[in-house]
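A look at the structure
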Amino acid sequence: MAGLTIDKGAGAASRQWRADINGLRAVAVGIVVVFHGFPKLLTGGFVGVDVFFVISGFVITRVLLAEQRRTQRIDFAGFYARRARRLLPALLLMLLATLAGGLAILPATGELQSLAWSALSVLLFASNFFFWRQASGYFAAQPESFPLLHTWTLAVEEQFYLLWPLLIVASAWIARRTRIGQLRALLVLLGLLAVVSLALSVSVVRLNPSVGFYLTPARAWEFAIGAALAAGEHRGRRLPPWLATALAAAGLAAIAGAAWLFDGTTPFPGYTALLPTLGAAAVILAGEHAPRNPVARLLALRPFAYTGTISYGWYLWHWPLLAFVQSATLGEASAGMLLAALAVSFAISAASYHLVEAPIRERRWAIARGEWRSLGVGAAALVLGATASIGVLLDAQARLAGSPWLQAIATARRERTGDWPAACSHYQTRFTGLASVEGCTVGDRAARPLIILWGDSHALHSVALFDRWGRDHHVAVLYRARGGCRPMPGWDSLGIAGDLVDRAQCLALNDAVRRQVAELARQRPVTLVLASRWPASNVPDMPNREPGPVGVRVARAVSDIVDWSKPLGVRVVAMLDNPTLPHDGPSCLARAAPARCAMPRARADAMRSEATEALRALAAKRGDLALVDPFAVLCDRTACPANEGSTILYFDSHHLSLRGGLWLEQRLVPQLDAALRHSE
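Chains are numbered independently. Their residues run from 1 in the order of the written sequence. In keeping with the predicted nature of the model, local features appear solely for residues at pLDDT of at least 70, side-chain atom pairs appear and are counted solely at 80 or more, and the whole-chain, interface and lining totals rest on all residues. The side-chain figures draw on all heavy atoms in the structure; neither hydrogens nor water molecules are used.

Digging into the packing of aromatic side chains
As a reminder, the rule being used: Stacked, edge-to-face and tilted are the three classes for Phe, Tyr and Trp ring pairs, Trp counted by its six-membered ring, which pair at centre distances within 6.5 Å; planes under 30 degrees apart are stacked, over 60 edge-to-face, the rest tilted. When accessible area is computed with a 1.4 Å probe and restricted to protein chains, residues below 20% of their type maximum are described as buried, those above 50% as exposed, and intermediate ones as partly exposed. Note on geometry: a ring has a charge over it if NZ (lysine) or CZ (arginine) is within 6 Å of the ring centre and within 35 degrees of the ring normal.
Per the counting criterion, the structure on display carries 20 aromatic pairs. Geometrically, the ring pair formed by F79 and Y80 is edge-to-face, given 5.2 Å between the ring centres and 70° between the ring planes. With a relative accessible area of 2%, F79 lands in the buried category. Taking relative accessible area as the criterion, Y80 reaches 22% and is therefore assigned partly exposed. The rings of F53, F76, F79, Y80, W152, F160, Y161, W164, F213, Y214 and F223 are connected pair by pair, giving a single aromatic cluster. Across from the ring centre of Y161, 5.1 Å away, lies the NZ or CZ of R83, which sits over that ring.

What follows is the structure, encoded as structure tokens:
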């Protein structure tokens, strides 16, 4: 990203170049690449991005103010020409190489097409918008599906570059009209911008975290912090060396603490981003007041300084290589392979810097001489990248059109659980009430008997199954579900989908479902079906936050529901869980033989949750709880496959696809008939 660049600028700015800031860039890029390569080792390494943004705000504002002091104007063409020379050569090389790698590695089931579209968004300086709109994001289970995911930061920086010179000009205009001095006017503007942007960031982190994470308005305050340092660096008294040293040490500790303590569940950016951003600001400020403080001298050491020099390239290259390694190994890359990918990306970035970036930035090549020539060549580079991206997109579409197998995989991914009304999934961040009964009823909608399907996303992937069964048996089916929210009042949400689910919203939905079940049971015969990815300590990313053994807790919660339902005349059926595959089903099937994508039966049996056995025991004990178990249908004696012929059973590693659900219904009819016989 551009915040990683050395911007020696011109004139005064070039004479004020600081090696410690280059070292700070090295720290920032280092924690980012460690996080990307080994996310469990440094769970908050994503805060390096915020350090970059502060550095960018400081460096770019400093360069613009120095130019204005020297020439009494801002040369917009010159500024953007310098940005083009600095950013585009390495970016275009990385982009073309990533497109070529995608052609060799990514399947044309949507992943290769997505790469091409994301490349186009990069060239339009809008990849942050592209990735914001994706179903999978920065903390998704399979970010390697997006080899250009890291470029969202470049888009934020580029949008900053487009607008920031105007802020400097605006401060000069205000100074002329008010006579308060340009730097003071600029500080006032930066303060207002920072307050508004931070307030927006805090708000959207609660309401829609993806907006706060990816979009520039919620990140602008981080640039403003750095810019304020540049605007105020010659104002006020200088800090004594001991205080500057303490400030620098505290700043570096704040960055390290955030990188170590934060993780994907931390609300971010918002208030929490103040820790790394103010930490970066402290290091920069201390270096300005005491250039020889121990932290500044440490950061100026040659290994740090050189890493900072090539850090823009390292940031560009490391993620595509990691993504391709993970993609080629189905997410099972060894630590050695990941380390090798990071080492290779470091070497490529060094070569790119010395052979391409530096000669162009320093105008050693004729194509980089002159502002308008630089801008023209930059525009041509963007056209070249767009042409390559479109070519990859057309190639991917041709591959897909020529392969029925790839089409089946792409269809499973695209259809997911089916085209049901979005409101019925209750995916709003703040639960405001259940969607309408009429809009969320499937099966035989005119029938009087009613099944209420209640649960999490595993209830949602069962809607197609119950829709067909209900139509065939003249039963209406109302589904009440929310991803990550188990159908057990008093239980926490999964804790892995912080942008969709939190405890309060899950509890509110479950309470609303209970009230509606009671209301509808007074009007018509009701059967309540509970469906969930039942919690277990041995299922990845499924933490159980409730005290006590998992099985005991689940059995108690379901037993309470049965007891509550009985006076209402409501019969309760629990649907046990389906197996979990070792890999994302469609991604694996597009890359490997189906046998490799299946879960071995012995391993699948071992992963069956404590809750499953507890529910079996509960049903046997009570007699008034029926069970439906898809496991035996989805598994044979040796394995649980990801497909049956051309039917792709899952759209990820554990959610049934639309066609997988319909395939399962045909084979689950005897169990459904037995469990739901009182519903007809």
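Here's the deal with the pairing of strand β4 (residues 526–531)
For clarity, the cut-off: Going along the chain from the N terminus, every DSSP run of H or I of four or more residues is numbered as a helix, and every run of E of two or more is numbered as a strand. A pair of strands is labelled paired if DSSP reports no fewer than 2 bridges between them.
Counting buried positions along β4 yields 6 of 6 residues, so the element is predominantly enclosed. Side chains of β4 alternate between two faces, with V526, L528 and L530 and T527, V529 and A531 buried alike. Direction of pairing for strand β2 (residues 450–455) relative to β4: parallel, over a ladder of 6 bridges. The residue bridging W454 from the neighbouring strand is L530, located in β4. Bridge count for β4 against strand β5 (residues 571–575) is 5 bridges, and the pairing is parallel. Bridge pairing in β5 links L528 to V572.

A short note on the state of the cysteines
In a disulfide, the sulfur atoms of two cysteines are covalently bonded to one another. The test is simple: By disulfide we mean two sulfur atoms from cysteines, separated by a distance within 2.5 Å.
Applying the stated criterion to the full structure yields 4 disulfides. Between the sulfur atoms of C485 and its disulfide partner C506 the distance amounts to 2.1 Å. Judged by the sign of its S-S torsion, about 95°, the bond between C485 and C506 is right-handed. Of this pair, C485 sits in the loop between β3 (476–481) and α21 (503–521) while C506 sits in helix α21, and the two are 21 residues apart along the sequence.

Observations regarding the pairing of β2
Burial analysis of β2 places 6 of its 6 residues in the buried class, which makes it a mostly covered element. The pairing of β2 with β3 spans 6 bridges and is classified as parallel. Paired with I452 across the strands is L478, a residue of β3.

A look at unusual backbone geometry
Trans is the common state for peptide bonds, and a negative phi is the common state for residues other than glycine. With an omega of 10°, the peptide bond running from F268 to P269 counts as cis. When you line up the elements, P269 lands in the loop between α11 (241–261) and α12 (274–289). Phi is positive for F125, close to 60°, though the residue is something other than glycine. With respect to the helices, strands and loops of the structure, F125 is situated in the loop between α5 (111–123) and α6 (127–132). Even without glycine at this site, H474 takes up a positive phi of about 55°. If you trace the backbone, H474 turns up in the loop between α20 (463–473) and β3. In this structure H474 comes out as exposed when scored by relative accessible area, which is 52%.

Let's talk about the pattern of salt bridges
Basically, it comes down to this: Salt bridge, as used here: a side-chain nitrogen of Lys or Arg that lies within 4 Å of a carboxyl oxygen of Asp or Glu.
Applying the stated criterion across every chain yields a total of 19 salt bridges. Note that R18 is salt-bridged to D20, the shortest N-O span being 2.8 Å. Judged by its relative accessible area of 10%, R18 falls in the buried class. On the basis of relative accessible area, D20 is assigned to the buried category, the value being 8%. Between E665 and R468 there is a salt bridge, with its nearest N and O atoms 3.8 Å apart.

Geometric descriptors of this kind do not, in isolation, establish any biological role.
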